[in-house]
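# Analysis of the macromolecular model
Here are the chains, one letter per residue:
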Amino acid sequence: MNNKKILNSYNNSGQALIEILVALTISAVIISVVVSAVAVILKSTVQIRNFQAASSFAQDLADKGRIIAEAKWNDIYNLP
């Protein structure tokens, strides 16, 4: 009877160790996926900021071009 308790104790402790290892492995996989997702989000945020800055510069250039186009062209070509 006493030997049976000892064997069950060893079997249960081995099972607990495997359960802990499986839980750690699953946790590591989940953490790596989350970190990868955050990296992609941060990269896209930087790209969006760059796109917005470029769009703003392009709009400013278009406005300046429109101002020049609406001005008198003779004043530009016939400088004193």
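As the structure is a prediction and not an experimental result, all values here were calculated from the model.

## A look at the overall build of the protein
When its secondary structure is counted, the protein shows two helices and zero strands. Counting every position in the protein, which comprises 80 residues, the buried fraction comes to 0%. Taken as a whole, the protein presents about 7,500 Å² of accessible surface, with 67% of it coming from carbon and sulfur.

## Side note on the pattern of salt bridges
Following the criterion strictly, the structure yields two salt bridges and no others. Measuring nitrogen to oxygen at the nearest pair gives 3.6 Å for the salt bridge that ties Lys-64 to Asp-60. Residue Lys-64 and its partner Asp-60 are located together in helix 1 (residues 2–70), separated by four residues, close to a single helical turn. Since its relative accessible area comes to 47%, Lys-64 is described here as partly exposed. Two residues, Arg-66 and Asp-63, come together in a salt bridge whose shortest N-O distance is 2.9 Å. With Arg-66 and Asp-63 both in helix 1 and three residues apart, the pair spans about one turn of that helix. A relative accessible area of 29% means that Asp-63 is categorised as partly exposed.

## Concerning a nonpolar patch on the surface
A surface patch of nonpolar side chains, about 640 Å² in accessible area, is lined by Ile-18, Val-22, Ile-26, Ile-30, Val-34, Val-38 and Leu-42. Mapping Ile-30 onto the fold places it in helix 1.

Calculation notes
- Every chain is numbered independently, its residues counted from 1 as its sequence is written.
- Where local features are concerned, this predicted model is filtered to residues with pLDDT of at least 70; where side-chain atom pairs are given and counted, the filter is 80 or more; whole-chain, interface and lining totals use all residues.
- Only heavy atoms go into the side-chain values, all of them from the structure, while hydrogens and water stay out.
- Each helix is a run of DSSP H or I of at least 4 residues and each strand a run of E of at least 2, with the numbering of both proceeding from the N terminus.
- Here the term buried applies to any residue with accessible area under 20% of the maximum for its type, exposed to any over 50%, and partly exposed to those in between, with areas from a 1.4 Å probe on protein chains only.
- Methods summary: accessible areas were calculated by the Shrake-Rupley approach with a probe of 1.4 Å, and residue burial reflects only the protein chains presented.
- Criterion for a salt bridge: a side-chain nitrogen of Lys or Arg within 4 Å of a carboxyl oxygen of Asp or Glu.
- Within the patch definition used here, like charges are joined within 9 Å and nonpolar side chains (Val, Leu, Ile, Met, Phe, Trp, Tyr) within 5 Å, considering only residues with over 30% relative accessible area and no salt bridge.

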